[in-house]
Amino acid sequence: MSHLITVGLDGSSAGSAAADWAANEAELRGAALELVHAEDWAQYGPFAAPLPEPRPQWAEDLLALTRDRLLRDHGTLDISTRGTSGLTASKVLASSAAEADLLVLGSRGLGAVAGFVVGSTASATIPETEAPVVLVRSLDGQGQPPGPADGAGPVVLGVDLRSNCDRLFAFACEEADRRACPLVVVHGWSLPPVFSYAPHLDPGVAKEMAHGLETTLRGLLRPWEEKYPGLAVDARVVIGQPAIQILDAASGAALVVVGRRVRRPALGTRTGPITHAVMHHATSPVAIVAHD
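1. What to know about the overall build of the chain
If you tally the helices and strands in the chain, you get 9 helices and 11 strands. Each of the 292 residues in the chain was classed as buried or not, and the buried ones make up 49%. Within the chain, contacts between residues separated by at least 24 positions form 78% of all contacts whose residues are at least 6 apart in sequence. Total accessible area computed for the chain in this model is approximately 14100 Å², and 54% of it derives from carbon and sulfur atoms.

Now the structure itself:
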């Protein structure tokens, strides 16, 4: 592994929150931190603001000031900076992520009902890299990343038992182990539509199905519990829309982890509906992990 975390900066409070979160994560991992600014963010972003000075100087100052600020709180970190021009931000960040363990980006808040803006740069970058991508919110508008006041929130993992979950389990278990916090694993499911129109069917079928899913989830978790014997794992199989169940469990979480299948559809890359919903509505940092 490269032991490098890359964070994208665009001059926003969300970008500042992402940098703070990435610095804390780098300390947890014993990794170096790279600050990256791609020129087109401020000019073409949906919340663009006039720059007070020429663009190259503004970008250089953004990187230097952010590095200095982080070093005041994380004096032992190895922090490098990189500015680029002439390339789209998503291409720059995807290229940076290929050399890193983790890519961290900011997301802007719109409020509790509307959710968050996952900007065009982040939306374009996520499908372009197989490295985990973490989206960090700035809930107070002052560049402070969200999280439990005591830092003791769990890592929440949403899984689809029909998919290969190994990369998700590996990432989530490592993150929970680093933080010495519980891991909450959530699988949301619904009864097949036929049960809505057949009330005479055995009412115990739903219970049997839930038991089967719980057995499957426990079986998938067993090798990871053996690998991390000190990790407290709370496995939940719940009836309901998966995204809603994950968001409910994620209240106060240190980190929420969801998956994205690696695929190249004819009409372009995209994230699935559950991951998309969690990305746009979770208040905690959200890690999107690519998997088969």
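2. With respect to helix H1 (residues 13-29)
Between its terminal C-alpha atoms H1 stretches 24 Å, which fits the 24 Å expected from 17 residues at 1.5 Å a residue. With 12 of its 17 residues buried, H1 lies for the most part within the structure. The complete set of buried residues in H1 reads Ala14, Gly15, Ala17, Ala18, Ala19, Asp20, Trp21, Ala22, Ala23, Glu25, Ala26 and Arg29.

3. Overview of the nonpolar core
Within the largest apolar cluster, 52 residues are counted, with the highest numbers of intra-cluster contacts made by Leu33, Val104, Leu157, Phe169, Leu183, Val185 and Val257. Grouped together as the second largest cluster of nonpolar side chains are 27 residues, Ala131, Val156, Val258 and Val286 included.

4. Here we look at the packing of helix H6 (residues 166-179) against helix H7 (residues 205-227)
Geometry of a packed helix pair, given as the angle between the helix axes and the separation of the axes. Orientation of H6 relative to H7, taken along the N-to-C sense of each, is 50°, at an axis distance of 11 Å. Classified by the angle their axes make, H6 and H7 are oblique. Seen along the crossing, H6 lies across H7 with a hand that is right-handed. On the side of H6, the interface is formed by Asp166, Phe169, Ala170 and Cys173, while H7 contributes Leu217, Leu220, Leu221 and Trp224.

5. Description of the environment of His74
With respect to the helices and strands, the residue His74 is situated in the loop between helix H3 (55-73) and strand E3 (79-84). C-alpha of His74 to C-alpha of Glu27: the two residues are 47 residues apart in sequence and 7.9 Å apart in space. If we ignore the near neighbours within four places in the chain, the residues touching His74 are Ala23, Asn24 and Glu27.

6. Examining the pattern of salt bridges
If the charged atoms of two oppositely charged side chains come close together, the side chains can form a pair. Under the defined criterion, the tally for this structure stands at 11 salt bridges. Glu25 is paired through a salt bridge with Arg179; the nearest N and O atoms lie 2.8 Å apart. In this pair, Glu25 sits in helix H1 while Arg179 sits in helix H6, placing the two residues 154 residues apart along the sequence. No difference in accessibility class separates Glu25 from Arg179, as the two residues are buried. The closest approach of N and O atoms between Arg178 and Glu175, which form a salt bridge, is 2.9 Å. Here Arg178 and its partner Glu175 are both found in helix H6, 3 residues apart, which amounts to about one turn of the helix. Classification of Arg178 by relative accessible area gives partly exposed; the value is 29%. Members of the salt-bridge network, linked through shared partners, are Glu25, Arg29, Glu174, Glu175, Arg178 and Arg179.

7. Here's the deal with the packing of aromatic side chains
Applying the stated rule across the entire model yields 1 aromatic pair. On the basis of an interplanar angle of 40° and a centroid distance of 6.5 Å, the ring pair of Phe169 and Trp224 is categorised as tilted. Within this pair, whereas Phe169 is found in helix H6, its partner Trp224 is found in helix H7, the two being separated by 55 residues in sequence. The same class applies to Phe169 as to Trp224, namely buried.

8. Quick look at the environment of Ala32
Counting through the fold element by element, Ala32 comes out in strand E2 (residues 32-38). On the basis of relative accessible area, Ala32 is assigned to the buried category, the value being 18%. Placed 27 residues apart in sequence, Ala32 and Ile5 show a C-alpha to C-alpha distance of 6.3 Å. In contact with Ala32, not counting residues within four places along its chain, are His3, Leu4, Ile5, Ala26 and Asp78.

Here is what the cut-offs are and how they apply
- Residues numbered from 1 in each chain as written.
- Predicted model: local features only at pLDDT ≥ 70, side-chain atom pairs only at ≥ 80, totals over all residues.
- Heavy atoms only, no water.
- Helix = DSSP H or I, 4+ residues; strand = E, 2+ residues; numbered from the N terminus.
- Buried < 20%, exposed > 50% of the residue type's maximum accessible area, 1.4 Å probe, protein only.
- Contact = heavy atoms within 4.5 Å.
- Areas by Shrake-Rupley, 256 points an atom, 1.4 Å probe, with all protein chains shown as cover.
- Expected span 1.5 Å × (residues − 1).
- Core = buried A, V, L, I, M, F, W, Y, C linked by side-chain atoms within 4.5 Å.
- Axes fitted to C-alpha atoms, helices over the stretch in contact; angles between N-to-C directions.
- Parallel < 35°, antiparallel > 145°, perpendicular 65-115°, else oblique.
- Left-handed = near helix turned anticlockwise from the far one by under 90°.
- Salt bridge = Lys/Arg side-chain N within 4 Å of Asp/Glu carboxyl O.
- Phe/Tyr/Trp six-rings, centres within 6.5 Å; stacked < 30°, edge-to-face > 60°.

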